[in-house]
Amino acid sequence: MKEILDAIQSQDSTAADFAALSLPESYRAITVHKDEAEMFAGLESRDKDPRKSIHLDDVPVPELGPGEALVAVMASSVNYNSVWTSIFEPVSTFSFLERYGKLSELTKRHDLPYHIIGSDLAGVVLRTGPGVNAWNPGDEVVAHCLSVELESSDGHNDTMLDPEQRIWGFETNFGGLAEIALVKSNQLMPKPAHLSWEEAAAPGLVNSTAYRQLVSRNGAGMKQGDNVLIWGASGGLGSYATQFALAGGATPICVVSSPEKAEICRSMGAEAVIDRNAEGYKFWKDERTQDPREWKRFGKRIREFTGGEDIDIVFEHPGRETFGASVYVTRKGGTITTCASTSGYMHEYDNRYLWMSLKRIIGSHFANYREAWEANRLIAKGKIHPTLSKTYSLEDTGQAAYDVHRNLHQGKVGVLALAPREGLGVRDQEMREQHIDAINRFRNV
Ligand SMILES: C/C=C/C(=O)SCCNC(=O)CCNC(=O)[C@H](O)C(C)(C)COP(=O)(O)OP(=O)(O)OC[C@H]1O[C@@H](n2cnc3c(N)ncnc32)[C@H](O)[C@@H]1OP(=O)(O)O
Ligand SMILES: NC(=O)C1=CN([C@@H]2O[C@H](COP(=O)(O)OP(=O)(O)OC[C@H]3O[C@@H](n4cnc5c(N)ncnc54)[C@H](OP(=O)(O)O)[C@@H]3O)[C@@H](O)[C@H]2O)C=CC1
């Protein structure tokens, strides 16, 4: 592993140098264990502690198949899907690995008693499998997390619709929270040159998801002038949705839960910011009953910011706790676009406000190949910036996931894999200088 790291850190290593490197037999990886899938049985979700289920193990390097690449991971990031895996909710991800393992001889590799998790990476290509021509050893890359087989025509127009669509490092094995990762080569994209490894690894999953959900025609198709209600506007998804709204000429109405988070949104350029904690919204009177008066109070607050207008697009992901309010505050003909249900997936809303006002609910999930590429292109052009707040070592990934699970973090949380320290891997200093304040906006808040 030292030789690999030396080659990456030496400015003059060639593709031939990388191709000549021998691969280690094993590498360090963040895992959860199949025999621990019941360890939190009977506990409330918030009491399930990722620090107990997340392990740092030595694992063998997987065999490389056609169309695949092995990547030396310099940095990765924590996504909420790794929190779900670590608390074995809503289902154990070993059920996904078992199902994938039944697909073919090659996919059998994924069905193991340990799951190497993580759905983002920035690093360097080490080896490519048969049939890979676009990428070579030594290429500096990021990887998006869409894994598809594309043998069915269902996914040929929109790769997210492939019946064998999976999220790498969540529904497949050999993920990015590790020193080496196995990806399909179509997941690879050029690493933005002005960013460090950990900055480049931060946006991938959430930036691509926010792009499809908010900007793409497959999602809400946001346009100039739209009022966009963004829940968790300084969180993983929300910090990119806020940037897309601002960059696209829309007006974000940002919802957060503390003055510090409100300040981050303002520093991104948002003017309408609601601190849901300070304003004390209680959309549920009890476990089963919502309070429409609270929806109305929330709607009035939004109208104060917009000069009386209602919301064109709601960027939804908290789910059960907020969905009734989200449907209510949307304008006639408006759109609620949802990609998650962090607070519960059985939603309730008053359907009269949907059909009588001709509103639409759109389900959105990650991004297709092209959307992921477009989202990365915007990062590479310095139009959208990483929202990295803090970086952990691989050893401390459990703590990093705990922070995200307990909503103690801001923006994105990074993890250094092979990178010995932060700040390495920048290839375009001049461009970096142009954007340095935006790149550092979430740091140490
Ligand atoms: C990029 C990052 C993303 C995120 O972070 S997202 C957040 C994290 N993700 C989640 O929380 C989602 C986790 N996944 C799940 O909870 C489950 O994964 C799903 C609920 C999504 C799906 O459930 P399942 O049981 O895995 O799959 P089924 O499609 O329901 O198939 C089960 C059986 O039901 C049959 N079936 C499906 N649809 C129908 C239908 N319409 N009518 C009749 N049968 C149906 C199937 O064929 C199959 O059958 P057979 O067991 O025999 O193979
Ligand atoms: N389908 C897909 O493709 C994807 C789905 N997801 C899912 O989206 C969800 C969010 O992910 P991500 O943004 O990365 O997570 P983060 O935790 O980084 O951000 C979510 C933010 O939502 C807000 N929030 C949480 N709970 C509530 C609540 N009950 N009511 C109102 N606001 C709430 C919090 O902000 P504050 O406290 O400031 O209000 C929090 O910071 C997760 O469930 C994740 O699995 C994520 C990416 C892709």
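Residues numbered from 1 in each chain as written. Chains lettered and ligands numbered in written order. Predicted model: local features only at pLDDT ≥ 70, side-chain atom pairs only at ≥ 80, totals over all residues. Heavy atoms only, no water.

Under an unreviewed UniProt entry, the chain has the name Crotonyl-CoA reductase and belongs to Streptomyces violaceoruber. The record in UniProt for the chain states the following under Catalytic activity (unreviewed entry): "butanoyl-CoA + NADP(+) = (2E)-butenoyl-CoA + NADPH + H(+)". UniProt, in its Sequence similarities (unreviewed entry) section for the chain, records the words "Belongs to the zinc-containing alcohol dehydrogenase family. Crotonyl-CoA carboxylase/reductase subfamily." (UniProt positions renumbered as here; feature names shortened; annotations may be inferred.)

Trainee: Tell me about the sheet that holds strand β2 (residues 55-60), and please be specific about residues and values.
Mentor: Working definition: the strands of a sheet are paired by backbone hydrogen bonds and lie parallel or antiparallel to each other. Taken in spatial order, the three strands of this open sheet run β2-β1-β4, and their pairing is antiparallel. Where the open sheet ends on each side, the last strands, each with one partner, are β2 and β4 (114-116). Pairwise comparison of adjacent strand axes, ignoring direction, gives a mean angle of 60° for this sheet. With six bridges joining them, strand β1 (residues 26-33) and β2 adopt antiparallel strand pairing. Its bridge partner being in β2, Tyr 27 is matched across the sheet by Val 59. Of the strands in this sheet, β1 and β4 touch helix α5 (residues 94-101), which is tilted by about 90° from β4. (Pairing = 2+ DSSP bridges. Helix = DSSP H or I, 4+ residues; strand = E, 2+ residues; numbered from the N terminus. Axes fitted to C-alpha atoms, helices over the stretch in contact; angles between N-to-C directions. Contact = heavy atoms within 4.5 Å.)

Trainee: Got a sec to walk through the side chain of Ser 257? Specific residues and values, please.
Mentor: In this fold, Ser 257 is placed in the loop between β12 (251-256) and α9 (259-268). According to the relative accessible area criterion, Ser 257 is buried, its value standing at 18%. If we ignore the near neighbours within four places in the chain, the residues touching Ser 257 are Asp 275, Arg 276, Asn 277 and Asn 407. (Buried < 20%, exposed > 50% of the residue type's maximum accessible area, 1.4 Å probe, protein only.)

Trainee: Describe the nonpolar core, and please don't skip the residues or the numbers.
Mentor: Judged by nonpolar contacts, the single largest core of 88 residues is most densely connected at Tyr 27, Leu 121, Leu 188, Trp 197 and Phe 366. Among the elements that line this core, the one with the most residues is strand β3 (residues 68-78), at seven residues. Both domains that meet at this core, namely domain 1 (2-206 + 367-439) and domain 2 (220-363), each give it at least three residues. Counting 20 residues, the second largest nonpolar core, distinct from the first, contains Leu 229, Ala 272, Trp 284 and Val 327. (Core = buried A, V, L, I, M, F, W, Y, C linked by side-chain atoms within 4.5 Å. Domains from an automatic or database assignment.)

Trainee: Report on the packing of helix α7 (residues 204-215) against helix α13 (residues 369-380), specifying residues and quantitative values.
Mentor: At a closest axis distance of 9 Å, the pairing of α7 and α13 adopts a crossing angle of 115°. As judged from the angle between their axes, α7 and α13 are roughly perpendicular. The chirality of how α7 crosses α13 is right-handed. Within the contact between the two elements, α7 uses Asn 207, Ser 208, Tyr 211 and Arg 212 and α13 uses Glu 371, Ala 372, Glu 374, Ala 375, Asn 376, Leu 378 and Ile 379. Within the contact of α7 with α13, the residues separate by chemical class into five nonpolar, three polar and three charged. (Parallel < 35°, antiparallel > 145°, perpendicular 65-115°, else oblique. Left-handed = near helix turned anticlockwise from the far one by under 90°. Nonpolar A, V, L, I, M, F, W, Y, C, P; charged D, E, K, R; others polar.)

Trainee: Just give me the short version of a negative patch on the surface, but keep the residues and values in it.
Mentor: A surface patch of like charges, here negative, comprises Glu 44, Asp 47, Asp 286 and Glu 287. On the secondary structure map, Asp 286 appears in strand β14 (residues 284-286). The class of Asp 286 is partly exposed, set by a relative accessible area of 42%. (Patch = residues over 30% accessible without salt bridge, like charges linked within 9 Å, V, L, I, M, F, W, Y side chains within 5 Å. Areas by Shrake-Rupley, 256 points an atom, 1.4 Å probe, with all protein chains shown as cover. Salt bridge = Lys/Arg side-chain N within 4 Å of Asp/Glu carboxyl O. Lys, Arg positive; Asp, Glu negative; His and termini not counted. Charge placed at Lys NZ, Arg CZ, Asp CG, Glu CD.)

Trainee: Explain the packing of aromatic side chains to me, using residue names and the numbers behind them.
Mentor: Within the structure shown, the criterion is met by twelve aromatic pairs. Judged by centre distance (6.2 Å) and plane angle (85°), the ring pair of Trp 231 and Phe 283 falls under edge-to-face. With Trp 231 in the loop between β11 (227-230) and α8 (236-247) and Phe 283 in the loop between β13 (272-275) and β14, the pair connects residues that are 52 residues apart, well separated along the chain. Per residue, the accessibility class of Trp 231 equals that of Phe 283, and both read buried. An angle of 20° between the planes, with centres 5.3 Å apart, marks the rings of Trp 231 and Phe 298 as stacked. One end of the pair, Trp 231, is in the loop between β11 and α8; the other, Phe 298, is in helix α10 (residues 292-306), with 67 residues separating them in the sequence. The pair formed by Trp 231 and Phe 298 is uniform in burial state, with each residue classed as buried. In textbook terms, an aromatic cluster arises when at least three aromatic residues are bridged by ring pairs, as seen for Trp 231, Tyr 281, Phe 283 and Phe 298. (Phe/Tyr/Trp six-rings, centres within 6.5 Å; stacked < 30°, edge-to-face > 60°.)

Trainee: Which residues make up the pattern of salt bridges, and what values go with them?
Mentor: Evaluation of the coordinates by the stated rule reveals 27 salt bridges. Put simply, Lys 2 and Asp 6 hold a salt bridge, and the shortest N to O gap is 2.8 Å. Separated by four residues within a single helix, Lys 2 and Asp 6 lie in helix α1 (residues 2-9), roughly one turn from each other. Judged by its relative accessible area of 60%, Lys 2 falls in the exposed class. We note a salt bridge from Glu 98 to Lys 34, for which the minimum N-O separation is 2.8 Å. Pair noted here: Glu 98 is in helix α5 and Lys 34 is in the loop between β1 and α3 (50-53), with a separation of 64 residues, a long-range link. Note on Glu 98: relative accessible area 29%, which makes it partly exposed. Residue Lys 34 is classed as partly exposed on the basis of its relative accessible area of 32%.

Trainee: Just give me the short version of the sheet that holds β11, but keep the residues and values in it.
Mentor: Strand order across the open sheet formed by six strands is β13-β12-β11-β16-β17-β18, with parallel pairing between neighbours. Each end of this open sheet is capped by a strand with a single partner; those strands are β13 and β18 (360-363). Direction aside, neighbouring strands of the sheet carry axes that sit 20° apart on average. Alignment of β12 against β13, held across four bridges, turns out to be parallel. Note that in β13 the partner of Val 256 across the bridge is Asp 275. Most of the contacts of α7 go to strand β16 (residues 311-316), to which it runs at about 150°, and overall it touches β11, β16 and β17 (330-338).

Trainee: Describe the UniProt feature "domain: Enoyl reductase (ER)" (unreviewed entry) in the chain, with residues and values.
Mentor: Per the UniProt record, "domain: Enoyl reductase (ER)" (unreviewed entry) is found at residues 49-415. Secondary structure across residues 49-415 comprises 29% helix and 25% strand; the distance between its end C-alpha atoms is 18 Å.

Trainee: Requested: an account of the domain arrangement of the chain, with residues and values cited.
Mentor: Interface size is commonly expressed as the accessible area that is lost once the parts come together. For the chain, the assigned domains read domain 1 (2-206 + 367-439) and domain 2 (220-363). Just the C-alpha atoms count here: the centres of domain 1 and domain 2 sit 30 Å apart. Facing 17 residues of domain 1, the contacting portion of domain 2 comprises 15 residues. Across the domain 1 to domain 2 interface the summed buried area is about 1200 Å²; carbon plus sulfur atoms make up 61%. (Buried area = accessible area lost by both parts, 1.4 Å probe.)

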